[in-house]
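Residues per chain are reported as follows:
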Amino acid sequence: ARGTALTGRLPPGACAAWGLGDAAQTTLNAAVFVGQIAGAVTLAPAADVVGRFPVVLASQLLLTLFGGLSAAAASFDQLVACRFFVGFAEGCSLVPLAQLAEFVPPASRGAVLNCTNLAWGLGVLGIQLVGWAALRAGEGWRRLCVWAVLPSALLTPALLVLEESPRWLLAV
C-alpha cells in the first residue's frame, strides 16, 4: 500500500521539482495503478504456477528495489517507471493474504485477516502522516520515498522464514 499511499504526497513535490504541472501529477499517480493492474494479472497467476513463496518474495524485492530507486530518479520518466514497478509489485498483495489464511486455524482466520485490513489502513495513515511531516520539515519528495521504502527493506529478510503454501504444495 506504500505505493498507492504516496499518490497524495509524492506527485506534487516531484513534479514541482521538475517544473511540471497537473498532467504530470496525473501520469505519476496513474503509473502506480496501471502497475498494480499489470501485477495483478501477472503475479497472482504466477503464484499458482511457481508457488506463493517465490512470488511474494519477488514482489517484496521489486517493491523495495523500485521504491528505493524512486528516491534516486534522475528524471520524471525514470520516476514514472519506478512507480509503475512499485505498483506492479503491489499487484499481488492478495497472494500473501491467501497464504496467511492457509496457516491460520479456521476458528481465528476471520479475526486475523481482519487485522491485516486494520494494519493496511494504519499503514496508509502512517505513511500519510510521515509524508506530511517530512514535506513540512522541508525534507522533500526524495526523502519521502526513502521513508516509504524503509518498512519494505526491514521486512524483506523476515520473509525468508516463510514456508510455501500448503495448498500449493498439495496441488503440485
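This one's a predicted model, so the numbers in the text were calculated from it and none came from an experiment.

A. Region of interest: the overall build of the chain. A count of helices and strands for the chain gives nine helices and zero strands. Taken from the N to the C terminus, the helices and strands of the chain come in the order α-α-α-α-α-α-α-α-α. What you see for the chain is a C-alpha radius of gyration of 17 Å, in line with the 16 Å of a compact globule of 172 residues. Scored against the burial criterion, the 172 residues of the chain give a buried share of 36%. Sequence-distant contacts in the chain: of pairs separated by 6 or more residues, those separated by 24 or more amount to 78%. As displayed, the chain has an accessible area near 9,000 Å², and 70% of this comes from carbon and sulfur atoms. Each charge sign in the chain was given a centre, from 9 positive and 8 negative side chains, and these centres are 8 Å apart.

B. Just the environment of R136, in detail. With respect to the secondary-structure elements, R136 resides in helix α7 (residues 106-136). In the structure, R136 is positioned 58 residues away from Q78 in sequence and 25 Å away in space, judged by C-alpha atoms.

C. Summary view of the pattern of salt bridges. Applying the stated criterion across every chain, the model contains one salt bridge. The closest approach of N and O atoms between D48 and R52, which form a salt bridge, is 2.9 Å. Judged by its relative accessible area of 14%, R52 falls in the buried class.

Rules used throughout
Residues numbered from 1 in each chain as written. Predicted model: local features only at pLDDT ≥ 70, side-chain atom pairs only at ≥ 80, totals over all residues. Heavy atoms only, no water. Helix = DSSP H or I, 4+ residues; strand = E, 2+ residues; numbered from the N terminus. Rg over C-alpha atoms; globule rule 2.2 N^0.38 Å. Buried < 20%, exposed > 50% of the residue type's maximum accessible area, 1.4 Å probe, protein only. Contact = heavy atoms within 4.5 Å. Areas by Shrake-Rupley, 256 points an atom, 1.4 Å probe, with all protein chains shown as cover. Lys, Arg positive; Asp, Glu negative; His and termini not counted. Charge placed at Lys NZ, Arg CZ, Asp CG, Glu CD. Salt bridge = Lys/Arg side-chain N within 4 Å of Asp/Glu carboxyl O.

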